[in-house]
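A closer look at the structure
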Amino acid sequence: ALQLHAHGAGLLFQLGDVYGRELKKWDRAVEIWQKCLARGSTKPEEVYELHMLISQGYQEQGQYQLAREQYKKAVDSATDMESKAKAMYQLAQVNGYMGDLAQTKKWLEEIINMNDADQEMQAVAAYNLADIYEQEGNLERAEELLLSIIDTHPNPRAVQIRLDFLEKEKQNRGNG
């Protein structure tokens, strides 16, 4: 976790961490992290970090609507492209949990279209997006996405397996 300026804020930050990650009392952790935010004396990257933590706390409790709102704030408060992409990816995930595929696709597309985002993050986003297109029956778009990441995805073998599967799907359709 990031070091917070004010000593008290630092202790609160760590206390939230203990409640959340160690004790799994996410409701208490969220409360504490919100107090940190309310103090208003935090640096921009700490504001981002707190929004991400609060989002995670809500997500762990299954409060996806609240998590989504906080992830949006994290996207807006990100101080660099990598942080922004990370928040957008989490936002896509939480929309997925909520069954909102349109929003999931929107956020994954945005990551893919970022000019200076982390290549690996973009590859993972493209992989997930290909999955959605495949579910929707748009095998061409799914294949296109997978082909675009064969060299950048952390697990090229997985991408190849998906491509082989899509190829069979397309053949089955042709013979149907």
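The structure this text deals with has already been given above.
What comes next is a walk through the structure. Note that this is a predicted model, so its numbers are computed, not measured. (Residues numbered from 1 in each chain as written. Predicted model: local features only at pLDDT ≥ 70, side-chain atom pairs only at ≥ 80, totals over all residues. Heavy atoms only, no water.)

Topic: the pattern of salt bridges
Proximity of charged atoms lets side chains of opposite charge pair with each other. Worth spelling out the cut-off: Within this document, salt bridges are pairs made up of a side-chain nitrogen of Lys or Arg and a carboxyl oxygen of Asp or Glu, the two lying within 4 Å of each other. Here a helix means four or more residues in a row that DSSP labels H or I, a strand means two or more in a row labelled E, and each is numbered from the N terminus. Summary of the burial criterion: residues with accessible area below 20% of their type's maximum are buried, those above 50% are exposed, and those between are partly exposed, where the area comes from a 1.4 Å probe applied to protein chains only.
Considering all chains together, one arrives at 11 salt bridges under this definition. Glu144 is the partner of Arg141 in a salt bridge, and the nearest nitrogen-oxygen pair spans 2.8 Å. With Arg141 and Glu144 both in helix α8 (residues 139-149) and 3 residues apart, the pair spans about one turn of that helix. Exposure remark for Glu144: the relative accessible area of 47% places this residue in the partly exposed category. Here the salt bridges share partners, and the residues they tie into one network are Lys43, Glu45 and Glu46.

A closer look at the side chain of Glu134
This is how the line gets drawn: Note on definitions: a residue-residue contact is assigned when non-hydrogen atoms from the two residues lie within 4.5 Å.
Relative to the helices and strands, Glu134 resides in helix α7 (residues 119-135). Setting aside its immediate chain neighbours within four residues, Glu134 contacts Leu139, Ala142, Arg162, Phe165 and Leu166.

Structural notes on helix α3 (residues 44-60)
Given 3.6 residues to a turn, an α-helix orients residues that are three or four positions apart in the same direction. Put simply, the test is: One fewer than the residue count of a helix, multiplied by 1.5 Å, yields its expected span.
The end-to-end C-alpha distance of α3 is 24 Å, a good match for the 24 Å that 17 residues give at a rise of 1.5 Å each. Looking at α3, one finds that the buried residues are Glu46, Tyr48, Leu50, His51, Met52, Leu53, Ile54, Ser55, Gly57, Tyr58 and Gln59.

So, the environment of Gly96
On the secondary structure map, Gly96 appears in helix α5 (residues 81-97). Accessibility expressed as a relative area gives 35% for Gly96, which makes it partly exposed.

Any functional reading would require information that these geometric values do not contain.
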